[in-house]
Amino acid sequence: MPDQPDTTLGVQHVPAFLVRERPALRAERHEVLDPTGATLAFAERRRSWGAGATTVFHADEARTREAFRSEVRGRPNLGARHVVVAADGRPVGSFRKQAARSLVRTTFVLEAEGLAGAAQERSGFLALERRLSSDTPTRRIAVDVLDDDTGAPLLSVGRAPGERTTYAVDVPDPRVDVRLAAAFVVGLLGMIDH
């Protein structure tokens, strides 16, 4: 994670970062980068979305030091909760897909201590285009997470300009932990077409 994280109330806030998909045969892999391109974490999840599936985020590419993880609890297509857990076992937050509300535009709920937000694709047109396209590596994704109480943005995700498999993440709200935001984006990329 970052060299100098904001640890106020235990939250590690990073205002902007990138998530890059990394092709692999038997696993989904992602790299979480700061805006300068320095690696914050490496994520890996076996290609299974069943109950108990886990995405592990490592602090090193050799995958020897776990930084945090995202554990699926429940049946994925029925709104399973993805619980983000710190390396020491403490919960950081959670997110889940709202299956019924995701028929037109994919919708999620993001929760952590002291905040709750709803995430939805910005454009119904882009959502439809993505669903009809067979070219998943070039899918266009644009999702905003808004605070349930104030409507203010918690975070936003969109494909980075000029990139096919890299997504830019903006996190203007300092209450959003980078571990929760990174796990949400990796989970979003895995679930958005399911």
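Below: a short report on this structure. (Residues numbered from 1 in each chain as written. Predicted model: local features only at pLDDT ≥ 70, side-chain atom pairs only at ≥ 80, totals over all residues. Heavy atoms only, no water.)

1. Let's talk about the overall build of the chain
Across its full length, the chain carries two helices and 12 strands. Reading the secondary structure of the chain in the N-to-C direction produces β-β-β-β-β-β-β-β-β-α-β-β-β-α. Going through the 194 residues of the chain one by one, you find that 47% of them count as buried. (Helix = DSSP H or I, 4+ residues; strand = E, 2+ residues; numbered from the N terminus. Buried < 20%, exposed > 50% of the residue type's maximum accessible area, 1.4 Å probe, protein only.)

2. Side note on the pairing of strand 6 (residues 81-86)
The side chains of a regular strand alternate, first on one face of the sheet and then on the other. With five of its six residues buried, strand 6 lies for the most part within the structure. Summarising the sheet, strand 5 (residues 66-73) and strand 6 pair through six bridges and their orientation is antiparallel. Opposite R69, over in strand 6, you have V85 as the bridge partner. Judged from the five bridges that link them, strand 6 and strand 7 (residues 91-97) form a sheet pairing that is antiparallel. Note on strand 7: the bridge partner recorded for V83 is S94. Counting the residues between successive antiparallel strands, the hairpin from strand 6 to strand 7 contains four residues, one of them, G89, with a positive phi of roughly 95°. (Pairing = 2+ DSSP bridges.)

3. Notes on the sheet that holds strand 7
Sheet strands associate in pairs through backbone hydrogen bonding, adopting either a parallel or an antiparallel arrangement. With antiparallel pairing, 12 strands are arranged side by side around a closed barrel as 1-2-3-4-5-6-7-8-9-10-11-12. Along the sheet, successive strands turn relative to each other by an average axial angle of 20°, direction set aside. When strand 3 (residues 39-46) meets strand 4 (residues 54-58), the two strands line up antiparallel, connected through three bridges. Of the residues in strand 4, the one forming a bridge with A43 is F57. Packing of helix 2 (residues 178-191) onto the sheet brings it into contact with strand 1 (16-22), strand 2 (27-33), strand 3, strand 4, strand 5, strand 6, strand 7, strand 8 (107-112), strand 9 (115-121), strand 10 (142-147), strand 11 (153-159) and strand 12 (166-170), and relative to strand 7 it is tilted by some 25°. (Axes fitted to C-alpha atoms, helices over the stretch in contact; angles between N-to-C directions. Contact = heavy atoms within 4.5 Å.)

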